[in-house]
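Below, each chain spelled out in residue letters.
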Amino acid sequence: MAKRPAYSKLCKAIEAGHFVFTGELEPKKILEEGMEEVIHSAKEMKKTNRLIAANVTDGPQGDAYMCSMVPSYLVQQKAEIEAVWQVAVRDRNRVALFGDVLGGAVLGLKNILVLTGDHTALGDNKRARPAYDIDSTQFCELLKKMIDEGTDYAGKEITDGKIEMNYGCVANPNAVGDYMEPEILKVGRKVEQGIDFIQTQTAFDIDVAKNFLNELSRYKVPVLLGLFPMKSYGIAWYFDNYIPGVSVPKDLLKALKTAEKENKGNKPAKYAALDKVNVEFFKPFIKEIKENSKASGIHCMAVEYERLFQPLLGEYPEYAKEFY
Amino acid sequence: MIITKQKEISGIYEMIKPYSKILITGCDGCCQPPRSISEATVLGQLLELKAKTEGKELKWKAITILRQCDDRIAATSIRPFVDDFEAVVSLACGLGVVMLNKVADKILTFPAQDSHFGGVQNLGENSFIQYCETCGNCLLAVTGGVCPIAGCAKHLNNGPCGGTVDGLCEVGGYTRPCAWIDIYKRLKKFNRLDLFSVYRLARDYRTATSPAYMTINKDYTNIKEEKEEKA
C-alpha cells in the first residue's frame, strides 16, 4: 500500500525534516473555566513557535475526565495550535469509536493518538466496567479502514467524503531486558496497521531511550520520544510511584526536593530553582537525542508548565511558525 | 471448577426470612471450595441460630445433590422433598440455583453463594485462578496455551499494553502476571515468536453474548419435551 499522505501539520513538519516538539494538555473534571485554562496553556505553547501540536489526554490513569474530542476542537479553534487527539479504547466500543472519529473528522481534527488506556481499576470510578471491545492495534486497523478505505470495521462504506487524518500509537521505552522484545514486536503489529508516527512514554535514562529508539528504527516510522519535566517535587513523586513502568532518577527527585525546600515561602525563587533543575536535566537530554538518535522529535509532557518551554527549547529553530 | 464464595449469613437469612421450613442443598459437583452435605448442615445450624436471635423458629433439613446443574439428577434428588418445605437454599453455583428453580418450580430456590468464575487451583498456591472465560473463540492455539481473554485484565488480543511492568499487571498493583508477557515467554521457549508477531483481528462478540444459547441434540435433555407435554 502506498504511504498515507501527511494530512496533519505534525506529520507535514516531520516529513519536511524538522525535529519537532509537541506539548500536552490534560482536561480534568472541568467546565468552561477549566477549559479556558487548557486553552491558555495551548496558547502559551503556540507562542514558543517551536511546538507544532498539543496532545489532549483521554482520561489518564483511568480517571473520569472531560472527553478529549471537544477540548481538541476548542484548542484548534481558539488557540490555533493543532491537537493530537488522544483516544483510549478503554471507554468506547468499535461502534462508538467509529462515530467519534467521524465527528472528530468533521471538527477538523487531524491527529489521533491511539491508546489502550489505563484500566478503570486504577481510576477514580473503580466499579466501572471498561469497554476494551477492540484493542489499540485493532483501533489502528479501524482507522486504516476509515481513512484509506472509507469504511467502518465491518466494511460498511462511509457515504460522503474522505477522512484526512494521521494516527499514531504509543510505545514504552521503559520495557527493558527481556521485556523489550515483546514491546517492539507489539509496535510491529501496529506498524502493519498503518500508523503514521509513534509517541513514547516518558524516558529518563538516555542510554535506555537511545537503545529503544534504535530498536524502533527498523519500522521506519517517525518516533517522538516522551519527556516529562516536573514542575514540582510532588508531581515527580507521584509519577515515580504511580505511573506504570516509570521511575524518576533518584538524583533528579532529590534535586527537585532540595529546590523546593531551599526556597520555601518564596514562590518566584522556588519556580526558578525548579526550572533550573529541569533545564539542567532535560536540555542535554534533548540535545543528545536530537544529535545522536533517530528520533523525529520530542513529546514534552510538561502539563501546565508552559514557562519551561522557552528556557528548555529556546535554542531550537522556530520551525513551527510556518505551519501555524 | 466453578469458583464460588458463600454470601454473608445475614444476607442469606434475609432471603429466607418469610419462610419457616427450608431445604438446604449442597452440591457435589464442580463447585469450589466444596459445598457438600457438611457445609449444608453448618449453614442450616447457622441460619437456625440467626433465626433464634430474632425470636423465630426455623425448621431445616440438609441434603446434597450429585450435580445440581444436571437436570435429571437435580430433578430426581429434589422432588421427594418439595412438598415438605417452603423454600430451598442452594449451595451450588448459579447454574445449580437456576436448575433447581426450573425442576422444582413449586417453590423458590435461593442462592447461598456468589459464583465468580470457571477456574482451577493456582499451581502450588492456596488460591483459584481463571484460566478460561468460555468466550467461544479459542485463541490458545496461537498463544502458547495461555489465555489472554481470561488472563489479561483488558482482554487484549494484541498485547501487552503499557500497563505491564517487569512482567506484572497494573491491575492488582503489580502482583499478578501479565498474560501477554507469559504468552511471549511461552512462544519464545518453543521458538514460535512468529505466532506472537501475528496481528489478531477484533473478536466476534456474538460468540460471547448473553444470554447464550447453543442448539443441542434433542435427546440430550428432556426439559423441552416435558414443558411441551405440560403445555
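Residues numbered from 1 in each chain as written. Chains lettered and ligands numbered in written order. Predicted model: local features only at pLDDT ≥ 70, side-chain atom pairs only at ≥ 80, totals over all residues.

Draft legend 1. Region of interest: the nonpolar core. Counting 86 residues, the largest nonpolar core has Ala 54 and Leu 225 of chain A as its most contacted members. The contact partners of Ala 54 of chain A, leaving out residues within four places of it in the chain, are Thr 22, Gly 23, Glu 24, Leu 25, Ala 42, Met 45, Val 75, Ile 81, Ala 83 and Val 84 of chain A. In terms of nonpolar packing, the next biggest core, distinct from the first, is built from 32 residues, Ile 22, Ile 24, Ala 62 and Phe 85 of chain B among them. (Core = buried A, V, L, I, M, F, W, Y, C linked by C-beta atoms within 7 Å. Buried ≥ 20, exposed ≤ 12 C-beta atoms within 10 Å, placed from the backbone. Contact = placed C-beta atoms within 7 Å.)

Draft legend 2. Expanded view of unusual backbone geometry. In this structure, Pro 33 of chain B follows Gln 32 of chain B across a cis peptide bond, with omega equal to -5 degrees. Looking at the secondary structure, you find Pro 33 of chain B in the loop between strand E3 (31-32) and helix H2 (37-53). The linkage connecting Gly 159 of chain B with the following residue, Pro 160 of chain B, adopts the cis geometry, with an omega of 0 degrees. The residue Pro 160 of chain B is located in the loop between helix H5 (148-151) and strand E10 (164-165) in this model. The phi dihedral of Asn 49 of chain A is positive, around 60 degrees, even though this residue is not glycine. With respect to the element layout, Asn 49 of chain A can be found in the loop between helix H2 (32-47) and strand E2 (51-56). A positive phi angle is found at Thr 134 of chain B, which is not glycine, with a value near 45 degrees. Inspection of the secondary structure assignment puts Thr 134 of chain B in the loop between strand E9 (128-129) and H5. Thr 134 of chain B sits in the exposed class, given 12 other C-beta atoms within 10 Å. (Helix = DSSP H or I, 4+ residues; strand = E, 2+ residues; numbered from the N terminus.)

Draft legend 3. Molecular detail of the interface of chain A and chain B. Counting from both sides, the interface comprises 26 residues of chain A and, opposite them, 24 residues of chain B. Sorting the residues of the side of chain A that touches chain B by element identifies helix H5 (136-149) and helix H6 (180-192) of chain A as the ones contributing at least two each. With six residues, the top contributor of residues to the side of chain A that touches chain B is H6 of chain A. Residue composition of the side of chain A that touches chain B, by class: 11 nonpolar, nine polar and six charged. (Nonpolar A, V, L, I, M, F, W, Y, C, P; charged D, E, K, R; others polar.)

Keep in mind that these numbers describe shape and distance, not what the molecule does.
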